[in-house]
Amino acid sequence: QDPQTEYLNLQNTNLQGTDLRRANLQRAVLREANLQRADLFEANLQRAVLQTVNLQRANLYRANLQRAFLYGANLQRANLYKANLQEAELIGVNPQGAFLYGANLQGADLRDANLTEVRGWNDTQLGTAKLCRTKFPSGSTLNPDRDCKN
């Protein structure tokens with residue numbers, strides 16, 4: 001059990017263009033924060049609350065976003081190369097133009113996500129991801145409603 005009772009609260013904070021390389025933001029609350037063009041290279045955002053955060057054009061190369069909550073986040077043109085998004089909540093995210101080559105998306109929740117313009121990913125990366133009303137580009141063999149419950 002984690003003895004920490006208080007978490008870093010950066011809710012509604014403007015961190016646009018900030019250098020946060022290798023920052024420890026584990027369990028931080030960044031709800032509605034502006035991280036546009038921020039450098040989060042190898043940052044630890046494990047279990048962070050990133051609900052409706054702006055990560056447009058942010059560098060998340062090799063960032064740890066395991067079990068992070070990114071509901072409704074703006075990931076347009078974000079660099080998620082080799083990022084760990086295992087079991088992350090990515091419901092309704094906007095990743096238009098994002099780069100996901102080598103990203104770990106195992107167990108990630110991609111319900112209502114639009115992946116039609118995401119670059120550098122393949123169907124194998126989404127083998128255990130939760131899919132429901134997920135939009136894929138033509139050529140994907142995945143069932144976009146695979147995990148919808150009737």
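Please read all numbers here as calculations on a predicted model, not as lab measurements.

Definitions and limits used
- Residues numbered from 1 in each chain as written.
- Predicted model: local features only at pLDDT ≥ 70, side-chain atom pairs only at ≥ 80, totals over all residues.
- Heavy atoms only, no water.
- Buried < 20%, exposed > 50% of the residue type's maximum accessible area, 1.4 Å probe, protein only.
- Polar contact = N/O pair within 3.5 Å; in protein donor to acceptor, adjacent residues only side chain to side chain.
- Contact = heavy atoms within 4.5 Å.
- Salt bridge = Lys/Arg side-chain N within 4 Å of Asp/Glu carboxyl O.
- Phe/Tyr/Trp six-rings, centres within 6.5 Å; stacked < 30°, edge-to-face > 60°.
- Core = buried A, V, L, I, M, F, W, Y, C linked by side-chain atoms within 4.5 Å.
- Disulfide = S-S within 2.5 Å.

> Describe the side chain of Asn84, with residues and values.
Residue class for Asn84 comes out buried when judged on its relative accessible area of 19%. Only 3.0 Å separates the side chain of Asn84 from the backbone nitrogen of Gln86, close enough to count as a polar contact. In this structure, Asn84 is in contact with Ala63, Asn64, Leu65, Gln66 and Asn104, ignoring residues within four places of it in sequence.

> Any details on the pattern of salt bridges? Residues and values, ideally.
For the structure shown, the criterion picks out 8 salt bridges. Residue Glu42 is joined to Arg62 by a salt bridge in which the shortest nitrogen-to-oxygen separation is 3.4 Å. Taking the relative accessible area as the measure of exposure, Glu42 reaches 26% and is therefore partly exposed. With relative accessibility at 45%, the residue Arg62 sits in the partly exposed group. A cluster of three or more residues bridged by salt bridges with shared partners is formed by Asp19, Arg21 and Asp39.

> Describe unusual backbone geometry, listing the residues and the values that go with them.
For Glu42, which is not glycine, the phi torsion reads 55° and is therefore positive. Phi at Thr52 is positive, roughly 50°, even though this residue is not glycine. We classify Thr52 as partly exposed; its relative accessible area is 36%.

> Break down the packing of aromatic side chains for me, citing the residues and quoting the values.
Tallied over the entire structure, the rule returns 7 aromatic pairs. For the pair Tyr61 and Tyr81, a centre-to-centre distance of 5.1 Å together with 10° between the ring planes defines the contact as stacked. Between Tyr81 and Phe99, the aromatic rings sit 6.0 Å apart at their centres with planes inclined by 15°, giving stacked as the arrangement. Judged by its relative accessible area of 28%, Phe99 falls in the partly exposed class. One aromatic cluster is present, built from ring pairs that chain together Phe41, Tyr61, Tyr81, Phe99 and Tyr101.

> Can you tell me about the nonpolar core, naming the residues and giving the values?
Leu60, Leu70, Leu85 and Leu90 are the most contacted members of the largest nonpolar core, which has 47 residues in total. What Leu90 contacts, discounting residues up to four positions off in sequence, is Leu70, Leu75, Leu85, Leu105, Ala108, Asp109, Leu110, Arg111 and Ala113.

> Account for the state of the cysteines, with residues named and values stated.
With the rule as written, the count across this model stands at 1 disulfide. Note on cysteine connectivity: Cys132 is disulfide-linked to Cys148, with sulfurs 1.9 Å apart. Sign of the S-S torsion, about 110° for the bond between Cys132 and Cys148, identifies this disulfide as right-handed. A residue is classified by how much of its surface remains accessible, and Cys148, at 26% relative accessible area, is partly exposed.

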